[in-house]
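Examining the three-dimensional arrangement
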Amino acid sequence: MERIGSVNKKVMARQHKAEVMIAGEQLRLRLHDGKLIKDRRYHLRTYPNCFVAEELIDWLVSHKEAPNRQVALELMQHLIDHDIVHHVCDKSPMFKDAKLLYRFRKDDGTFPFNIEVKVFMRGQGLYEHLIGSRDSILQLREEKGVPYQRSFPGCQLIDWLLQNGEVPSRRQGLELCRALLEHGIIQHVSLQHHFFDSGLLYQFCINFRRRRRLSELLSENEHDEEGVAPPRQEEHPESPFILRKNPPAKGNTTFLSVQPSEPKVASGARWSGLPNQQVTGSYNNSNSLFSGPVVRCNPKSVLRKNICCEELLSPGAPFTRRVLTLLGDALGWGFVVRGRSPCYVQAVDPSSPAAAAGVKVRQFVCQVNGCSVLHLDYRTLRKLVMTGPRTVVLEVMEPID
């Protein structure tokens, strides 16, 4: 019981972190829509995808996200403290109501994708997959005579993970589910048990699709500091501010990443999550966690110049072919794909299966499991990989340096 109490306390803190991440991403997308985030010039230097602090404070107050400028300032400082926003030059850890430039870390690729973020993004991808399934295991069930909405037996979730290629073994499925519980993504319906491969009922703690109001973040933080669980949020219908507007194509929800020259999908953490944020893997990473939300603005392409398929395949082209075999782990594959015809690798998690197999940035993806993908866009490539087996065989072309 002592361990359960410790886990519950950590879960509360991680749930708040998750709420901050989701609210921050929803705010980022709204600011892009409202054109508050754009390239700005200051002292003969252009800063891409940034906003003016003073203008944002005005916007938060006028859109009733904060009752006054002081609260708006506290909200933005909260986002800075959680590594969602930072000063473009990182000169100050404080958010100031002034004509200073700030940027969302997801817009410049500096979002810290640690294990917590990866697990969060993986959980987000699984939630979206389960919610979008016709015969979802999330159903009304009873435990000890008490009904619980959208609940599932632990053993049934592991069965589902195996059937959908999310994990290669039952043991890894159990490890993933326990990580999800310890990071505040799922919980036992009455908070009495850790995760077991049994008939005990569990639920997702987070409704990833609910529209967050920024003012909620401060009140939740106060509850956390007092050691009191915040009141449970009611289910809300889908809003236009959900992180992913369409159910992801499934099979694997890892860190699949698609980074951007154009609006891209960050899918899965490693090949899923973060951020989101991407096309590949079970990891939820930055523009995939971050396992996959829609990312509308991403860091600049890593390509030194645009390459077309004809140039890539022309005789004597300065590229060499390689065949790489990736065996996804519990979090995914760990690389980010971007572009269309041809798609290329934009980022690689250095601790991932992709890195171990030799996947590198600026490689062009030619084949996946024997199927030619050279003329596909990242969305189609993402579906092909995520609905395929856990072991992925890539044929890539990389520049000859």
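The notes below deal with the structure included here. Note that this is a predicted model, so its numbers are computed, not measured.

We now examine the overall build of the protein chain. Within the protein chain, the secondary structure is distributed over eleven helices and 16 strands. Each of the 401 residues in the protein chain was classed as buried or not, and the buried ones make up 56%.

For helix H11 (residues 378-386), the complete set of buried residues consists of Tyr378, Leu381, Arg382, Val385 and Met386. Buried residues in H11, looked at end-on, bunch into an arc of 120 degrees, giving them a common side. Backbone nitrogen of threonine 380 and a side-chain oxygen of the N-cap are separated by 2.9 Å at the start of H11; the cap is aspartate 377.

Moving on, we get to the packing of helix H6 (residues 154-163) against helix H7 (residues 170-182). When two helices pack together, their arrangement is given by the angle between the helix axes and by the axis-to-axis distance. Look at H6 against H7: their axes get within 9 Å of each other, and the N-to-C directions meet at 120 degrees. Comparing the axis directions of H6 and H7 gives the class oblique. When the axes of H6 and H7 are compared, the crossing they make is right-handed. Contacts between H6 and H7 involve Cys155, Leu157, Ile158, Asp159, Leu161 and Leu162 from the former and Arg170, Gly173, Leu174, Leu176 and Cys177 from the latter. Looking at the contact of H6 with H7 residue by residue, the classes come out as eight nonpolar, one polar and two charged.

This paragraph deals with unusual backbone geometry. For the peptide bond that leads from serine 341 to proline 342, omega is 5 degrees, which places it in the cis range. One can find proline 342 in the loop between strand E12 (335-339) and strand E13 (343-348). If you check the backbone angles, leucine 44 has positive phi at about 65 degrees while not being a glycine. Position of leucine 44 relative to the elements: it lies in the loop between strand E1 (38-42) and strand E2 (45-52). For leucine 44, a relative accessible area of 77% corresponds to the exposed category.

Strands sit in the order E5-E6-E8-E7 across an open sheet of four strands; the sheet is antiparallel. Here the strands that pair on one side only, and so sit at the sheet edges, are strand E5 (139-143) and strand E7 (186-188). On average, each strand axis in the sheet is inclined to that of its neighbour by 60 degrees, with strand direction left out of account. Pairing analysis gives three bridges linking E7 to strand E8 (residues 201-204), with the strands arranged antiparallel. When the sheet's bridge partners are listed, histidine 188 is paired in E8 with tyrosine 202.

Within the secondary structure, isoleucine 400 sits in the segment after strand E16 (391-399). Note on isoleucine 400: relative accessible area 52%, which makes it exposed. Expressed as a C-alpha distance, the spacing of isoleucine 400 and arginine 321, which sit 79 residues apart in the sequence, is 10.0 Å. If near-sequence neighbours (up to four positions away) are discounted, isoleucine 400 is found in contact with Pro318, Phe319 and Thr320.

Further remarks concern the packing of helix H2 (residues 53-62) against helix H3 (residues 69-81). Look at H2 against H3: their axes get within 9 Å of each other, and the N-to-C directions meet at 115 degrees. By the criterion of interaxial angle, the relationship of H2 to H3 is roughly perpendicular. Once H2 is placed against H3, the crossing between them reads as right-handed. The residues of H3 that touch H2, namely those facing Glu54, Leu56, Ile57, Asp58, Leu60 and Val61, are Arg69, Ala72, Leu73 and Met76. Taken together, the residues that form the contact of H2 with H3 break down as seven nonpolar, no polar and three charged.

Further remarks concern the pairing of E12. Burial analysis of E12 places five of its five residues in the buried class, the great majority of the element. In this sheet, E13 lies alongside E12 in antiparallel orientation, the contact comprising five bridges. Bridged to phenylalanine 335 within E13 is valine 348.

This part takes up the pattern of salt bridges. Under the counting rule described, the total for this entry stands at 17 salt bridges. A salt bridge links glutamate 25 to arginine 28; the nearest nitrogen and oxygen atoms lie 2.9 Å apart. In this pair, glutamate 25 and arginine 28 are both assigned in helix H1 (residues 2-33), three residues apart and thus about one turn of the helix distant. Considered together, glutamate 25 and arginine 28 belong to a single accessibility category, that of buried residues. Here arginine 170 and aspartate 159 are joined by a salt bridge, their closest N and O atoms 2.8 Å apart. Separated by eleven residues along the polypeptide, arginine 170 in helix H7 and aspartate 159 in helix H6 bring together distant segments of the chain. On the basis of relative accessible area, arginine 170 is assigned to the partly exposed category, the value being 33%.

Once that is clear, we can look at the packing of aromatic side chains. As enumerated under the stated definition, the model contains nine aromatic pairs in all. On the numbers, 5.3 Å between centres and 75 degrees between planes, the contact of tyrosine 127 with phenylalanine 204 is edge-to-face. Within this pair, whereas tyrosine 127 is found in helix H5 (residues 115-132), its partner phenylalanine 204 is found in strand E8, the two being separated by 77 residues in sequence. Each of the two residues, tyrosine 127 as well as phenylalanine 204, counts as buried. Summarising the aromatic geometry, the rings of phenylalanine 195 and tyrosine 202 are spaced 4.6 Å apart at their centres and angled 35 degrees between planes, so their arrangement reads as tilted. By the burial criterion, phenylalanine 195 is buried, and tyrosine 202 matches it.

What counts, and at which threshold
Each residue is numbered by its place in its chain's sequence as written, counting from 1. Given that the model is predicted, a residue must reach a pLDDT of at least 70 before its local features are reported, and side-chain atom pairs must reach 80 or more before they are shown or counted; all residues, however, enter totals for whole chains, interfaces and linings. For side-chain calculations, the full set of non-hydrogen atoms in the structure is used, while hydrogens and water are omitted. Runs of H or I in DSSP of at least four residues are treated as helices and runs of E of at least two as strands, each being numbered from the N terminus. When a residue's accessible area, from a 1.4 Å probe over protein chains only, is under 20% of the maximum for its type it is buried; when over 50% it is exposed; and in between it is partly exposed. The arc in question is traced by the directions running from the helix axis to the C-beta atoms. Pairing of N or O atoms within 3.5 Å defines a polar contact, subject to two protein rules: one partner must be a possible hydrogen donor and the other a possible acceptor, and residues neighboring in sequence count only if both atoms are side-chain atoms. To define axes, lines are fitted to C-alpha atoms, for helices over the stretch in contact only, and angles between the resulting N-to-C directions are given on a 0 to 180 degree scale. Orientation labels follow simple angle bins: below 35 degrees gives roughly parallel, above 145 gives roughly antiparallel, 65 to 115 gives roughly perpendicular, and whatever is left gives oblique. The handedness criterion is simple: a crossing whose near helix is rotated anticlockwise from the far helix by less than a right angle is left-handed, and one whose near helix is rotated clockwise is right-handed. Contacts were defined at the residue level, with two residues in contact if any of their heavy atoms lie within 4.5 Å. Each residue is assigned to one of three groups, with Ala, Val, Leu, Ile, Met, Phe, Trp, Tyr, Cys and Pro labelled nonpolar, Asp, Glu, Lys and Arg labelled charged, and all others, Gly among them, labelled polar. In this description, strands pair whenever DSSP reports at least two bridges between them. By definition here, a salt bridge exists when the distance from a side-chain nitrogen of Lys or Arg to a carboxyl oxygen of Asp or Glu is within 4 Å. Within 6.5 Å between ring centres, the rings of Phe, Tyr and Trp (the latter by its six-membered ring) count as paired, and their orientation is classed by plane angle as stacked under 30 degrees, edge-to-face over 60, tilted in between.

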